[in-house]
Amino acid sequence: KGPFAFTIEDTSKFGPYEIGGYVHQVKQPKTLNFDSLSASIKQPGEFLLTDFAKIGRSELLHFGFQAVDAYRKRHGMRFPTPGKVENLQEVVDIVKELSEAAAENQDQLTLGDLSEEQQKVIKALASGSSAILSPMCAFLGGVVGQEVLKAASGKFMPLKQWVYFDAIECLPDNLPSEDMCKPLNSRDDAQIAVFGAEFVKQLKMLKMFLVGAGAIGCEMLKNWALMGCSTEGDGMIHVTDMDSIEKSNLNRQFLFRPSDVGQPKSTAAGKAVQAMNPSLKITTYEDKVAPETEGTFNDDFMGSLDLICTALDNVEARLYVDGRCLQYGIPMLESGTLGTKGNTQVVVPHLTENYGASRDPPEKSIPICTLKNFPSQIEHTLQWARDWFEGTFSQDAVNVNQYLSQSDFLKKLDSTPNTKVSMLERLHASLVQDRPVKFEECIVWARHQFEEKYANQIKQLLHNFPPGMLTSTGQPFWSGTKRQPTPLEFDMDDSEHMNFIISAANLRAFNYRLKGERDVALFRAVLANIVVPDFVPSSSVKIAENDSELKDQENHSDMMDIDTQAEKVISELPEPSSLAGYRLQEAEFEKDDDSNFHMDFITAASNLRARNYSIQEADKHKAKLIAGKIIPAIATTTALVTGLVCLELYKLVGGKKEVESYKNGFINLALPFFAFSEPIKVPKIKAGDWEWSIWDKIEVDGRKKSWTLEEFMKHIQETHKVEVNMLSYGVSILHSFFSPAAKRKERMGMTMTDLVEHVTKKPIPETQKTLQFEVCCVDENDEDVELPTVSYRIK
């Protein structure tokens, strides 16, 4: 047996096995037994390891926490005084006593002689034992919260007895003295007890930019408010999010309330955290962080920041922010969640690689032929339904409006010959063949769509690939992921059939600005009188078995035939002038509006197709998650990852210079699984005698004197002993060795600012202080030489 093999029960009572079959895994309950607290303290068993760089740390902390508890019992339940040497040493001595007693009792766990490093860990634990820190509470709260859910639901594997977690790398190399840790009778006393007053002052002066105010963004702001970040002097939290609050956000974005629905996320989140900490200084924006907003988030803005924290839901936006961090040399704190899974990454200028240096492979898309003819999972049918919605109720309306308003619309279709005829036929259907003038005609259209999609197309598919058909290798065609479909027969008494008709008809009516209806009696009356023509499969229809065959069919289309068909359809289209002012209404997909029929249609359309292929159907809630591409987010994982990010923030504020001090985290609370690793060190590139990394730049000051291109290139060539073959600004090439000699000569006398404006055809924004140039160079042996970005200062 292996992980992909299984046995089945006695099959002697079944008929003879013929072919295929589908297996559904049903997970069986498992009973777990746990030792009592008193028993497991003495014999804890195996600890859940969170960091392989800290092997033995769990055992040490197991005795350390017992020692702090014993210290408190000896001193009237008082914690050790932060930074007080005598108190800390006493806790170390208690650890030794406990370990010796365990050895005498022959307990499972003992420590032996404590090393200097182990004693340092115990002293750090003792010194900060009285403190409650927001990041650690967030991390542990996420873990404990998930364990409570496991106990209540019986879902996912619980922690087995013991897990210890520490982030001792956050602490100063030398523990703060007693004087440095003295309380000030303020809300910051806990952090002062751990880090000292000077460190806390630096937290208060931080200038941070949070990109995103969703689930992670809300938790991050809450942590920062409780940590007292950005509350004094020039300290400031900038937060931006272009989205508004939707009702579905309320179950996981806890800064928002029902009264906030419709409000900008950044504004509502800012008000909520200021209520937690009125001293918090925060500026909110509703702008996307992208090239088009570089006028807002300009050189002055970026240059003022101490760090950027991302709370985004897509890789593209993260990569753009990463590029800005590289350009300005700003630390970046990155995190993400997917259900019970979470990850964190810290990016430190000149020390670690940047976010974009390594990335996950792109998600696999569903093959087109799988969607069109061979679905095997509910995800396939939901994507098919979503594509149908977008094509019929959104894109068709857009195409009609463009045809009616753009004189060159038909000419543009020549650039897409493979889809030209089908688009023209859809235009014809929308404006001529199936154009409704009253709601009853929308019901008729929906009924014919049902027959076409769930009966006729399936019959045609089975005609092309009949049951029992064998492949060229002798294997049954309808096997494995190719499920043999069954045509559906319309039934007014089937609720899902009616759900489809009602939602499709109302969406059609919306497109044509007709009044919709929900009266089931009306639908039944109209449906009873609709005559649906019989369908006869055609032998001339070709259906591709896979995407490569589909591509071959498209590539071998007869262009003459396409033009003939296109001309025929165009001749039957109404002239745009005959429909002056007539426009269809586009349905923009909105999953959270229960009154717009969008999710009703997608759920019904998907489930009916699932019935065709004997796939388990999905309720509206599950359909919304998949079709709406909602990234599963739960409060436990979100709290945990933001806690980890804020621990890395402590390290940045503390000025940690070694890559070993920082940790990237990878978590799965369901298993449970915790893994922490050092960030990858930034690689160095050699250019002659010079060694540089992606964080480095060649600085050229053009403020006092505007350099010409000739002077600029001469400076680079003489300084770095190279020859510049190409110079570019963004996507624009300013100089290249293969350009015509006259053009090169003309540009050599132009100043760098004039050259940039001349080539890009755009003025340099007033707020822009530097120009970033990329250079391609060769050395004296004509070998390529890599040089970093050249930053040319203009203001």
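The following paragraphs examine the structure supplied in this document. (Residues numbered from 1 in each chain as written. Predicted model: local features only at pLDDT ≥ 70, side-chain atom pairs only at ≥ 80, totals over all residues. Heavy atoms only, no water.)

**Describing unusual backbone geometry**
Let me state the cut-off plainly: Strands here mean DSSP runs of E at least two residues long; helices mean DSSP runs of H or I at least four residues long; both are numbered from the N terminus. Relative accessibility thresholds used throughout: buried, under 20% of the residue-type maximum; exposed, over 50%; partly exposed, between the two (1.4 Å probe, protein chains only).
Looking along the chain, the bond that leaves Leu671 and enters Pro672 is cis, with omega of -10°. Located in the positive-phi region is Lys721, a residue other than glycine, with phi close to 55°. Mapped onto the elements, Lys721 comes out in the loop between α24 (709–720) and β12 (723–729). Note on Lys721: relative accessible area 66%, which makes it exposed.

**Things to note about the side chain of Ser661**
Going by this rule: In what follows, a contact means two residues having at least one pair of non-hydrogen atoms within 4.5 Å.
Tracing the chain through its elements places Ser661 in the loop between α23 (635–653) and β7 (664–668). With sequence-adjacent residues up to four places away left out, Ser661 is seen in contact with Glu169, Lys651 and Lys656.

**Thoughts on the nonpolar core**
Definition in use: The nonpolar core is taken to be a set of buried Ala, Val, Leu, Ile, Met, Phe, Trp, Tyr and Cys residues, with the residues joined through side-chain atoms within 4.5 Å.
Residues Leu221, Trp224, Leu640, Leu649, Tyr650 and Phe674 are the most contacted members of the largest nonpolar core, which totals 61 residues. Per-element tally for this core: the top contributor is α23, with 10 residues. Not counting residues within four places of it along the chain, the set of residues in contact with Leu640 comprises Ala138, Phe139, Gly142, Val143, Ile667, Leu669 and Phe674. Residues Ile443, Ala504, Phe589 and Ile602 belong to the second largest nonpolar core, which totals 51 residues.

**A word on the packing of helix α16 (residues 439–464) against helix α21 (residues 598–612)**
Rules: Every axis corresponds to a line fitted to the C-alpha atoms, with the helix fit spanning only the stretch in contact, and the corresponding angles, defined between N-to-C directions, vary from 0 to 180 degrees. Oblique is the label for every angle not falling under 35 degrees (roughly parallel), over 145 degrees (roughly antiparallel), or within 65 to 115 degrees (roughly perpendicular). Rotating anticlockwise by less than a right angle from the far helix to the near helix defines a left-handed crossing, while the corresponding clockwise rotation defines a right-handed one. Amino acids outside the nonpolar list (Ala, Val, Leu, Ile, Met, Phe, Trp, Tyr, Cys, Pro) and the charged list (Asp, Glu, Lys, Arg) are all regarded as polar, and Gly is one of them.
Viewed as axis vectors pointing N to C, α16 and α21 meet at an angle of 20°, and their least axial separation amounts to 11 Å. Here α16 is positioned roughly parallel relative to α21, judged by the angle of their axes. The crossing of α16 and α21 is right-handed. Contacts between α16 and α21 involve Phe450, Lys453, Tyr454 and Ile458 from the first element and Ala604, Ala605, Leu608, Arg609 and Asn612 from the second. Looking at the contact of α16 with α21 residue by residue, the class counts come to 6 nonpolar, 1 polar and 2 charged.

**Thoughts on the pattern of salt bridges**
Condition: The salt bridge definition used is simple: a Lys or Arg side-chain nitrogen within 4 Å of an Asp or Glu carboxyl oxygen.
Inspection of the entire model under this criterion finds 34 salt bridges. Between Glu294 and Arg324 there is a salt bridge, and its shortest N-O distance comes to 3.8 Å. Residue Glu294 is found in the loop between β3 (282–285) and α10 (299–303), and its partner Arg324 is found in helix α11 (residues 315–328); the two are separated by 30 residues along the sequence. By relative accessible area, Arg324 is classed as buried at 6%.

As far as function goes, none of this settles anything; it's purely spatial.
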